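Below are the chains, spelled out letter by letter.
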Amino acid sequence: MHMLINVTDLPDLDRRAVEAGVAVVARLRPDDLERPTPCTDWTLAELLAHMTFQHVGFAAAAEGHGADMDLWRVRPLGTYPVGTYRAAAERVTAAFGADGVLDRSFALPEFGGGAEFPGRQAIGFHLVDYVAHGWDVACTLGVGIEFDADVLDAALGFATAVPDGEVRLRP
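This one's a predicted model, so the numbers in the text were calculated from it and none came from an experiment.

Q: Help me understand the nonpolar core, please; the structure alone is not making it clear to me.
A: Soluble globular proteins tend to pack their nonpolar side chains together in the buried interior. In terms of nonpolar packing, the biggest core is built from 50 residues, with L28, Y85, F106, L108, L127 and V137 touching the most fellow members. Among the elements of the structure, α1 (10-25), α2 (44-62), α3 (81-96), α4 (119-141) and α5 (149-159) are those that each provide at least two residues to this core. Broken down by element, the residue count for this core peaks at 11 residues, all from α2.

Q: Looking at this structure, how should I read the packing of aromatic side chains?
A: Two aromatic rings, taken as a pair, are described by how far apart their centres are and by the angle between their planes. Per the stated rule, a full pass over the model turns up four aromatic pairs. Judged by centre distance (6.5 Å) and plane angle (90°), the rings of F58 and F96 are edge-to-face. With F58 in helix α2 and F96 in helix α3, this pair connects stretches of sequence that are 38 residues apart. The two residues F58 and F96 agree in class, both being buried. The structure contains a cluster of three or more aromatic residues connected by ring pairs, namely F58, W72, F96 and F106.

Q: Quick question: what am I supposed to make of the side chain of H133 here?
A: Within the secondary structure, H133 sits in helix α4. H133 has contacts with C39, L47, H50 and M51, leaving out every residue within four places of it along the chain.

Q: What is the right way to read α2 from this model?
A: Along an α-helix, residues three or four positions apart point the same way, because every turn accommodates 3.6 residues. Spanning 19 residues, α2 covers 27 Å between terminal C-alpha atoms, matching the ideal 27 Å at 1.5 Å per step. Within α2, 17 of the 19 residues are buried, which leaves it mostly tucked inside the rest of the structure. Where α2 terminates, the next one or two residues include G64, which has phi positive at roughly 95°.

Q: Would you mind going over the environment of D12 with me for this structure?
A: Within the fold, D12 resides in helix α1. A relative accessible area of 31% means that D12 is categorised as partly exposed. The spatial distance from the C-alpha of D12 to the C-alpha of F106 is 18 Å, given a sequence separation of 94 residues.

Q: In this structure, what is going on with the packing of α1 against α5? I would like to understand it.
A: Helix-helix packing is described using two parameters, namely the angle between the two axes and the distance between the axes. Contact geometry of α1 with α5 gives a least axis separation of 9 Å together with a crossing angle of 110°. By the angle between their directions, the pair α1 and α5 is classed as roughly perpendicular. Taken together, the residues of α5 that come into contact with α1 (itself represented by L10, L13, R16 and A17) are D150, V151, A154 and F158. Here the contact of α1 with α5 is built from residues that sort into six nonpolar, no polar and two charged.

Cut-offs and rules
Residues numbered from 1 in each chain as written. Predicted model: local features only at pLDDT ≥ 70, side-chain atom pairs only at ≥ 80, totals over all residues. Heavy atoms only, no water. Core = buried A, V, L, I, M, F, W, Y, C linked by side-chain atoms within 4.5 Å. Buried < 20%, exposed > 50% of the residue type's maximum accessible area, 1.4 Å probe, protein only. Helix = DSSP H or I, 4+ residues; strand = E, 2+ residues; numbered from the N terminus. Phe/Tyr/Trp six-rings, centres within 6.5 Å; stacked < 30°, edge-to-face > 60°. Contact = heavy atoms within 4.5 Å. Expected span 1.5 Å × (residues − 1). Axes fitted to C-alpha atoms, helices over the stretch in contact; angles between N-to-C directions. Parallel < 35°, antiparallel > 145°, perpendicular 65-115°, else oblique. Nonpolar A, V, L, I, M, F, W, Y, C, P; charged D, E, K, R; others polar.

Below you can see the structure in the form of structure tokens.
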């Protein structure tokens, strides 16, 4: 059942979603990186790189540097992909936990050029992504993932606000 959330809870809800995903990512082994994922045309290595640099980009946006496209650029994860992912997850949760973050303006160039969004909306975007991608990783590895009911409810609230139809199919 979808209910209204207190926006001041968003950083904590997002942190718990990210931590659930980190726990699943910690279970992967090097051989798993070439597995296909529910994300069309992405291996687990590619999905994990995408997730890592989205964390980096969102953290930079919370810190006031989100307009720098280089911070969003996906790169190889190196020798320790799980550690690289964990560090990016810790960075974004710390950035989202900063005082006043909900009222900041986040530059999110991947969401339409020079687009800026209120912190509460940007963190909502991130929350939806990490519930979805946490599930993608768990599904790829054939393991479960546990999200708290309030995390899922908040993610559903943001997800249902996303426009549907042909507008979603445009580049």
